[in-house]
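Results of the structural survey
Each chain, letter by letter, is given below.
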Amino acid sequence: MAETGEEKTVSTEASGFSDMSDSEFLDLEDTQELSASPCKPSPSSELPGKDGKVTSLPKWKRGLDVSSPMERFHLKYLYVTDLSTQHWCEQQMVYGKELPGSLAPEEAAVLDTGASIHLARELEVHDLVTIPITSKEDTWAVKFLNMLSMITTLQSGGHVREFPVFGEVEGVLLVGVIDELHYTAKGELELVELKTRRSPVLPLDAQRKKDHFQVSLYKYIFDAMVQGKVTAASLIHHTKLHPEKPLGPSVLKHAQQGGFSVTSLGDLMELVFLSLTLSDLPAIDILKIEYVHQGTATLLGSEIVSFEEKKLRNKVRHYMAYWVGHREPQGVDVEEAWKCRTCSYADICEWRKGIRVHRSMLWPHTKKNE
Ligand code: SF4
């Protein structure tokens, strides 16, 4: 069912399409303390890189800093996609944080195309309205206004795209964006995650497992939200938002146009948390992933993912142990060493140097009973 006349607001600084791998909704700047200079490498510690160039090793890796990665990277929260990248290779995800900007041009182009397909789908259900923002509180207010509108749409049986989710998991705040939510003919709430593919073929098992993990995490957080397990206090604690701060004039005007009588972020938060718990939205019943070819925008295939909560929680606990500083990052297991072949950090990766790789392991294998 397509909605008409619905609008989604986007802040001028957080369009929701600037992120790396999917439509995670807040820009990176908002996850970090404003004064942060993320893990700037020290010139006195260097590793050989590609083409003989040197790559600096961050200070903390030399044992001079005992703070947790959350502190070192000045992160207030993580994206769901941070954890799904970690699922592929934790060490690779860490290099991505330590050495930002090392994305190859072709990889950036792939992400741009993927974002365009996401945007085209989103425009099918609503228009985008740009709102100038003046603070991080305004940025969150825009998300909350969008959520209020989408909760109403879902309540009336409609479908929504780019639904923000957030919640504390293992002591860390996780945020993300669900691509699409709609009801099936049987009345089940279905999540659809769109994955765009550069090649017109379905992904390997390892990639699919990463995608399964991502959508399972979305369900886990969404269900907690509608079941009243996510609190405003937890959100404020992690994000360091100031709920009493008055909204900026543009956001305020937009809220009033939408019929919301609010003056501060706190007012809006109260409305959102009330709507989430009183709207009788169900937990997500079905997790579906659609793989679409970027070049032709045709559907390559789709699959239904079974939700295994215990397995998911164990994995998240393991990943969070890294973020809160309880363990060092790990690279891929020896049987997945084939992932290193296409890794941008292969030349500097200490983990890779430490594993003995047989030639046959440099190619992916499909396991039958994973
Ligand atoms: S080289 Fe291999 S182990 Fe190292 S970061 Fe890349 S994929 Fe991970």
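Here the structure is shown first, and the text comes after it.
Structure report, in brief. (Residues numbered from 1 in each chain as written. Predicted model: local features only at pLDDT ≥ 70, side-chain atom pairs only at ≥ 80, totals over all residues. Heavy atoms only, no water.)

What about the overall build of the protein?
Assigned secondary structure in the protein consists of 12 helices and 10 strands. Every one of the 370 residues in the protein was classed for burial, and the buried ones make up 51%. When contacts within the protein are restricted to residue pairs at least 6 apart in sequence, long-range pairs at least 24 apart make up 72% of them. Of the roughly 17800 Å² of accessible surface on the protein, a fraction of 53% belongs to carbon and sulfur atoms. (Helix = DSSP H or I, 4+ residues; strand = E, 2+ residues; numbered from the N terminus. Buried < 20%, exposed > 50% of the residue type's maximum accessible area, 1.4 Å probe, protein only. Contact = heavy atoms within 4.5 Å. Areas by Shrake-Rupley, 256 points an atom, 1.4 Å probe, with all protein chains shown as cover.)

Quick notes on helix 9 (residues 249-257)
Helical geometry note: an α-helix holds 3.6 residues per turn, so side chains three or four residues apart project in the same direction. Taken together, the buried positions of helix 9 are V251, H254 and A255. Along the long axis of helix 9, the arc covered by the buried residues comes to 100°, so they all point the same way. Seen from the open side of helix 9, the exposed residues pointing more than 90 degrees away from its buried face are P249, K253 and Q257. (Arc of directions from axis to C-beta.)

Describing the pattern of salt bridges
Inspection of the entire model under this criterion finds 12 salt bridges. K245 is the salt-bridge partner of E137, the closest N and O atoms lying 3.8 Å from each other. Residue E137 is located in helix 6 (residues 136-155), and its partner K245 is located in the loop between helix 8 (232-239) and helix 9; the two are separated by 108 residues in the primary sequence. A relative accessible area of 36% places K245 in the partly exposed class. (Salt bridge = Lys/Arg side-chain N within 4 Å of Asp/Glu carboxyl O.)

Observations regarding the nonpolar core
Membership of the largest hydrophobic core comes to 69 residues, with the highest contact counts inside it found for L83, F144, F163, F166, L181 and W323. With 10 residues, the top contributor of residues to this core is helix 6. (Core = buried A, V, L, I, M, F, W, Y, C linked by side-chain atoms within 4.5 Å.)

Details of helix 7 (residues 205-226)
Helix length check: helix 7, at 22 residues, gives a terminal C-alpha distance of 32 Å against a target of 32 Å (1.5 Å per residue), a fit within 8%. The buried count for helix 7 comes to 17 of 22 residues, which makes it a mostly enclosed element. G228, located one to two residues past helix 7, shows a positive phi value of around 75°. (Expected span 1.5 Å × (residues − 1).)

Observations concerning the site of the ligand
Taken together, C89, Q91, Q92, G331, V332, C340, C343, A346, C349, W351 and R352 make up the full set of residues near the ligand. The residue inventory of the shell around the ligand, partitioned by class, reads seven nonpolar, three polar and one charged. (Near = heavy atom within 4 Å. Nonpolar A, V, L, I, M, F, W, Y, C, P; charged D, E, K, R; others polar.)

Examining the environment of L75
Checked against the element boundaries, L75 lands in the loop between helix 2 (69-72) and strand 4 (78-79). Exposure remark for L75: the relative accessible area of 10% places this residue in the buried category. Taking the C-alpha atoms as reference points, L75 and H238, separated by 163 residues in sequence, lie 9.5 Å from one another.

Structural notes on the packing of helix 3 (residues 80-88) against helix 4 (residues 90-98)
When two helices pack together, their arrangement is captured by the angle between the axes and the distance separating the axes. Here helix 3 crosses helix 4 at 130°, and the two axes come no closer than 5 Å. When the interaxial angle is binned, helix 3 and helix 4 end up oblique. Across the interface between the two elements, D82, T85, Q86 and W88 of helix 3 pack against E90, Q92, M93 and K97 of helix 4. (Axes fitted to C-alpha atoms, helices over the stretch in contact; angles between N-to-C directions. Parallel < 35°, antiparallel > 145°, perpendicular 65-115°, else oblique.)

Functional significance is not addressed by these values, which are geometric in nature.
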